[in-house]
4 protein chains.
Amino acid sequence: MTQTASLPIRFALLGAGRMGVEHGLALVSLPEVQVVAVADPIEAAARKVARITRASKTYSDPLDAIHDPEVQAVIIVTPTSTHAALIEAAALAGKAIFCEKPVAADLAETERVMRIVEEQGVPFQIGFQRRYDASFVEAKERITAGEVGEIEQFAATGRDPAPPPLEYLKVSGGIFLDQAIHDLDIARFLVGEVKEVLAVGDAKVDPAIAQIGDADTTTVLLTFENGAQGVVQNSRRAVYGYDVRTEVFGSGGKLVMDATPKTPLLRYGGGQGREGVTSDHYHFFMDRFKDAYRAEIAAFVGALTEGRAPTPGTHDALESLRLALACTRSLKEGRSVRVQ
Amino acid sequence: MTQTASLPIRFALLGAGRMGVEHGLALVSLPEVQVVAVADPIEAAARKVARITRASKTYSDPLDAIHDPEVQAVIIVTPTSTHAALIEAAALAGKAIFCEKPVAADLAETERVMRIVEEQGVPFQIGFQRRYDASFVEAKERITAGEVGEIEQFAATGRDPAPPPLEYLKVSGGIFLDQAIHDLDIARFLVGEVKEVLAVGDAKVDPAIAQIGDADTTTVLLTFENGAQGVVQNSRRAVYGYDVRTEVFGSGGKLVMDATPKTPLLRYGGGQGREGVTSDHYHFFMDRFKDAYRAEIAAFVGALTEGRAPTPGTHDALESLRLALACTRSLKEGRSVRVQ
Amino acid sequence: MTQTASLPIRFALLGAGRMGVEHGLALVSLPEVQVVAVADPIEAAARKVARITRASKTYSDPLDAIHDPEVQAVIIVTPTSTHAALIEAAALAGKAIFCEKPVAADLAETERVMRIVEEQGVPFQIGFQRRYDASFVEAKERITAGEVGEIEQFAATGRDPAPPPLEYLKVSGGIFLDQAIHDLDIARFLVGEVKEVLAVGDAKVDPAIAQIGDADTTTVLLTFENGAQGVVQNSRRAVYGYDVRTEVFGSGGKLVMDATPKTPLLRYGGGQGREGVTSDHYHFFMDRFKDAYRAEIAAFVGALTEGRAPTPGTHDALESLRLALACTRSLKEGRSVRVQ
Amino acid sequence: MTQTASLPIRFALLGAGRMGVEHGLALVSLPEVQVVAVADPIEAAARKVARITRASKTYSDPLDAIHDPEVQAVIIVTPTSTHAALIEAAALAGKAIFCEKPVAADLAETERVMRIVEEQGVPFQIGFQRRYDASFVEAKERITAGEVGEIEQFAATGRDPAPPPLEYLKVSGGIFLDQAIHDLDIARFLVGEVKEVLAVGDAKVDPAIAQIGDADTTTVLLTFENGAQGVVQNSRRAVYGYDVRTEVFGSGGKLVMDATPKTPLLRYGGGQGREGVTSDHYHFFMDRFKDAYRAEIAAFVGALTEGRAPTPGTHDALESLRLALACTRSLKEGRSVRVQ
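Rules used throughout
- Residues numbered from 1 in each chain as written.
- Chains lettered and ligands numbered in written order.
- Predicted model: local features only at pLDDT ≥ 70, side-chain atom pairs only at ≥ 80, totals over all residues.
- Heavy atoms only, no water.
- Pairing = 2+ DSSP bridges.
- Helix = DSSP H or I, 4+ residues; strand = E, 2+ residues; numbered from the N terminus.
- Axes fitted to C-alpha atoms, helices over the stretch in contact; angles between N-to-C directions.
- Least-squares fit on C-alpha atoms with pLDDT ≥ 70 in both.
- Contact = heavy atoms within 4.5 Å.
- Buried < 20%, exposed > 50% of the residue type's maximum accessible area, 1.4 Å probe, protein only.
- Right-handed = clockwise from strand over helix to strand, strands pointing away.
- Parallel < 35°, antiparallel > 145°, perpendicular 65-115°, else oblique.
- Nonpolar A, V, L, I, M, F, W, Y, C, P; charged D, E, K, R; others polar.
- Salt bridge = Lys/Arg side-chain N within 4 Å of Asp/Glu carboxyl O.
- 1 Å grid on protein atoms, 1.4 Å probe; cavity = no way out; pocket = protein on both sides within 12 Å on 5 of 7 lines; lining within 4 Å.
- Points joined across faces, edges and corners; volume = space filled by probe spheres on them.
- Buried area = accessible area lost by both parts, 1.4 Å probe.
- Polar contact = N/O pair within 3.5 Å; in protein donor to acceptor, adjacent residues only side chain to side chain.

**Digging into the sheet that holds strand β3 (residues 57-59) of chain A**
Residues and elements named next belong to chain A. Across the sheet, 6 strands lie side by side as β3-β2-β1-β4-β5-β6; this open sheet has parallel pairing. Edge positions in the open sheet fall to β3 and β6 (124-126), since each of these has one partner strand only. This sheet shows a mean twist of 20° between the axes of neighbouring strands, independent of strand direction. Looking at chain direction, strand β5 (residues 96-99) and β6 are connected through 3 bridges and run parallel. Each bridged residue has a counterpart across the sheet, and for F98 the counterpart in β6 is Q125.

In structure tokens form, the structure reads like this:
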């Protein structure tokens, strides 16, 4: 692509699962975008998302979409294990790339592929969507403006309503790479790089998760380069829904990013005639971060149209993975680990 | 249109202003829809929305779009004064119709046009978007399920951040038709028909508003057919933003629909180092009801694809107008008015 | 009493019911106070409160306590029907007087007794405790400081958990004198005098309440002297507890006084494992206004020790009654009533 | 004292500083109590609290009050360094004892004194007032009732508005004994005993605090005996006020104990006419836990009158100290420490 893309930018959407639909809807809402192709081995899924995105072509092999000369940019939402190869192919083909996290579960492979992306000079964005959630965007602005003063403490909680299937967990890279990485990336985004981690954890939700060498309930103590102290708690099961709370505390005050009720409706004594006030809660990440998913795609397209480097890019893809891997090692080895 | 539309349904979007963009984005996110034409006297605006909706044709005259044989359904977001004539033309042309409120500022004209729509048997939906806001949808469900018991009291507040331009106000039909009608329609939606109203009001925000015979700050006492007591307060100016709060109270409890902070971020002592907790507030109606605008268009399309009558339809367009006009008369005459 | 009382001030507590205990606890927490006598026809009750207040004497007849030469000030929490006579006796005996509202259910009698109090020049305070609740105190300060600008709209809700016994209601003076008067007094306190009222209401909770000529569910439209518009809604039954919400809106912003959960504890999915967040709610007025009851007694004692006139005094006792009586007449006569 | 005390129970209040006033007000509100003496080396302070409590005697030496034959029970709110000696003297004199935390900064000394208390069989309660805060009381009940299921994660934050004077800090025993011990005690109260801790911390608020070998900003990772994971974060300085938040998460849900605004008043756009909603925040611990301080004294008196052992007693005094000391050691030695 040239510095500033001529419009519309022609996209291929690689992967037509749940996130393919989400990103397809994001793309089709942007007048600067034309989706020309959707790729998925399941033809019906590819066709469905093609209808949503008004794409005229479908492919069963994502590589064919990457090599379609009409295609200028790709959105990769295929299974995790295919990310690295598709990024590599797209970069070598000179296409702009948005890829869901992670690039790979392996640091060396991630480093190798990110290096290719950088060598090819193609625009690249990794899917840490929380960085585009309005609350984190505003928190970052306020921190940068000095409103929190020197950051002294950080605390994040991330809990899913229920664990994914065991088959998925087996190839997920473990709880830190698969789930906690979002909280760890936000820690880096808001506070800065982490020097050292100490992780504890075990399988409280399902013993089968222990048997595959993973944990479902973890707590990490973080020491940031700038001296701030941090904690991150994760769980694979919260009966009340999807729970993400983040707090940044410093010499100038505190910021708390925590979901309000999903629906702005308070029930007083509803139904049972009991005293008490009840509201609902977010159910799932796509629910809580719906607008953030739209905003990250809009930001990627905005960067392409304006010739800016998209963010978060190769550096953050690598460093947040490095941090998650340090947590994994700390938990395995039962000791503090330098992130370096 | 036949009972169940063959897909995609081919739409024309009449009006390419701010709401035209909004509804265009709603349409393009629906795979069941193909926008074939956008009409607006301002060509650049029409082209911009055509790009957004992937429409291939633009018209300067909305009647040409209505009569385009490809077009099966129309979204009318033109200036209020043109609504009645366009609805009439579209109905006579057999097109499905979604129209922003109001049909007309005049009861007789509204009755005449709604009768034509009914005679022609075309699907019709009026743009009372709050009925598709998640909090009101859930409130309606809970009320219907009996959770609130017998409804005894209703209270609604509706405040805009600032009055619209005087030129707009002169042709707006007055505060009850232009602004309060949304609160009055929700009163009917949640509680039932209103028997009698008593309105007070004057111009506290801008004396020029009094000079054109309108008010900017009003309070209405409602007596519902079912005996419930209601109050509705409106203002054209709230320095803190857009303020919509609705409460339904009954023998079984209370429901409160009030916006949570727009951004789920709490600041403790931010900036000034002061004690205290601050959050933001919604700024404007498009902000607060963004999802409701999407949902009402999706519901209209859903009704078309499934062969159901869309809602709210001709009856609600007429009855909510009748209620707003009773308020206007009550304020003018300084006495209680039967809605009949 | 002289201008500035010599310490401790010697009190008699007239009435040893529930509110007698409350006010007794307030008195005993003040080092400037010595409770010398408690009067109640039920001897066990008098003795119990004497123990609480460390009082050495008990009387069965409150007049004996009033005429006890040791007694300098009296707290009247006897049944409503006795207030006027006891105030009169205490005033004539030169004692400082704190009396629970109302002085009497009758305007002429209230005027007569208040005149005696003024003629005798004894300190007098009426028990509108909300004026000493921290939220209303702060609201008043902010309004006085101009933070709300010109007040344009007022809205108050007052709901009890359940109606009192019918025997009580028969002698209560009706819902406006007995219950709504607190909301009406706060309207006067925060906004100013009321020019005209229109009240609607009926018995939705218990038909027996209609049979005694009273209502249990009412809505009042208020027009203030300064042009502000107001609404007050009351109910004798709220299944979720005690519900007091007050809103003042003006050209500079809005203040909302509404109870937070009684207990600062949020339950997420508790018990049933369901999604959702639950908190508790205040149960009753003594619960919600516990600190205000303490504060009003402390303020009365503070006024005595510093030689200031206590507030709210005879004027507010009279004017808030006048307003409540105007509401009663409006409901009876089905028309607007000038408060004069 | 015999099993069930004859009433009133005669108390001496040892220490007439700020907490002496608080506990004096608590005592005087209880009809079962007679305060007979107040002891403080500052005579004016002793007399002031004697007036508040209606005590007839004052002592300059607390030992004289302990040995006053009229005195049956003592409240010890003298400087920390005197606690152990006074507890010992009171126990040997057979008096019931309520003592502010801590018994001593030293484990051996605490063990020795607690042994004496147990040997003498006198009632003893330690001042962990949070256990009597309504939110923690209810949390404990709900946890015991199984509403949270198996507890899996715990998180507590405790922040003071500003550090105490350096002179105080020098003899305070350090941040874990002086401040964090309240959060650590609540961890034990709600979750159970702690097996191992890892603490990090340094002086971010004031370098002088580092020079006296203490920290002002700390984070502790806790491993509970039952396998739950915990974190506790403390700071000596929060510009927005006094900040205590506690979260218990388990297989059945989550409980969050966090202060609502101190005053139930929301300001919308107040003063500056800006968009946004503001509430206030608790300033200090006596503010936030005012009712808990009253309730712990009432509970102590209730235990005495009913012949029950007060709680928390010698065991909790010792075990919460042991936990705080383990944190201190962990921070000093830079490694995990078993609490044992």
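The structure having been displayed, the exposition proceeds.
**Comments concerning the relation of the copies chain A and chain B**
The transform that puts chain A on chain B rotates by 180° and translates by 0.0 Å along the axis, for an RMSD of 0.0 Å. When the rotation and shift are considered jointly, the pair of chain copies conforms to a two-fold rotation axis. When the interface residues of chain A are mapped onto chain B, 100% of them are again interface residues, pointing to one common binding face.

**Quick look at the pairing of strand β5 (residues 96-99) of chain B**
Residues and elements named next belong to chain B. Both faces of β5 are covered, namely the face carrying A96 and F98 and the face carrying I97 and C99. Across 4 bridges, strand β4 (residues 73-76) lies against β5 in parallel orientation. Following the sheet pairing, A73 is matched in β5 by A96. Since β4 and β5 lie parallel, the crossover through helix α4 (residues 83-92) that links them has a hand, and here it is right-handed. Read from β5 through helix α5 (residues 107-120) to strand β6 (residues 124-126), the crossover connection turns out right-handed.

**Overview of the packing of helix α5 (residues 107-120) of chain A against helix α12 (residues 314-333) of chain A**
For any two helices packed against each other, the geometry is given by the interaxial angle and the distance between the axes. Residue and element names in this part refer to chain A. Contact geometry for α5 and α12: axes closest at 10 Å, N-to-C directions at 175°. Relative to α12, the element α5 is oriented roughly antiparallel. Of α12, the residues touching α5 (which contributes L107, T110, E111, M114, V117 and E118) are T314, A317, L318, L321, R322 and L325. Here the contact of α5 with α12 is built from residues that sort into 7 nonpolar, 2 polar and 3 charged.

**Digging into the pattern of salt bridges**
In this structure the tally under the stated criterion is 128 salt bridges over all chains. Across the salt bridge formed by D185 of chain B and R188 of chain B, the nearest N and O atoms sit 3.5 Å from each other. One end of the pair is D185 of chain B and the other is R188 of chain B, both in helix α8 (residues 175-190) and 3 residues apart, which spans about a single turn. Residue D185 of chain B is classed as buried on the basis of its relative accessible area, which comes to 1%. The structure contains a network of salt bridges with shared partners spanning R159 and D243 of chain A together with R245, E247, K254 and D258 of chain D.

**Observations regarding the layout of surface pockets**
Empty space within the largest pocket amounts to approximately 1,600 Å³. Lining the largest pocket are 47 residues, and of these D287, K290 and D291 of chain A together with K290 and D291 of chain B lie nearest its centre. Its residues assigned to classes, the lining of the largest pocket comprises 27 nonpolar, 6 polar and 14 charged.

**Considering the environment of V220 of chain A**
Residues and elements named next belong to chain A. In this fold, V220 is placed in strand β9 (residues 217-224). On the basis of relative accessible area, V220 is assigned to the buried category, the value being 1%. Each C-alpha atom of the pair V220 and A145 lies 28 Å from the other, and the pair is 75 residues apart in sequence. If we ignore the near neighbours within four places in the chain, the residues touching V220 are F176, V197, L198, A199, G230, V231, V232 and C327.

**Some points on the interface of chain A and chain B**
How big an interface is tends to be expressed through the accessible area that disappears when the partners come together. Taken residue by residue, the interface counts 40 residues in chain A and 40 residues in chain B. Three residues stand out in chain A for area buried against chain B, namely R54, P264 and L265 of chain A, and they jointly supply 21% of the buried area on that side. The interface formed by chain A and chain B includes 2 salt bridges. Salt-bridge contacts for D291 of chain A lead to K290 of chain B; the nearest nitrogen and oxygen are separated by 3.6 Å. The interface formed by chain A and chain B contains 12 residue pairs in polar contact (both at pLDDT 80 or more). Within the residue set of the side of chain A that touches chain B, elements represented by two or more residues are α1 (18-28), α2 (43-53), α6 (134-144), β12 (253-258), β13 (265-268) and α11 (290-306) of chain A. Looking at which element gives the most residues to the side of chain A that touches chain B, the answer is β12 of chain A, with 6 residues. Broken down by class, the residue content of the side of chain A that touches chain B amounts to 18 nonpolar, 10 polar and 12 charged. The sheet contact formed by β12 of chain A and strand β13 (residues 265-268) of chain B spans 4 bridges and is antiparallel. If you follow L255 of chain A over to β13 of chain B, its bridge partner there is R267 of chain B.

So yeah, pure geometry; function would need other evidence.
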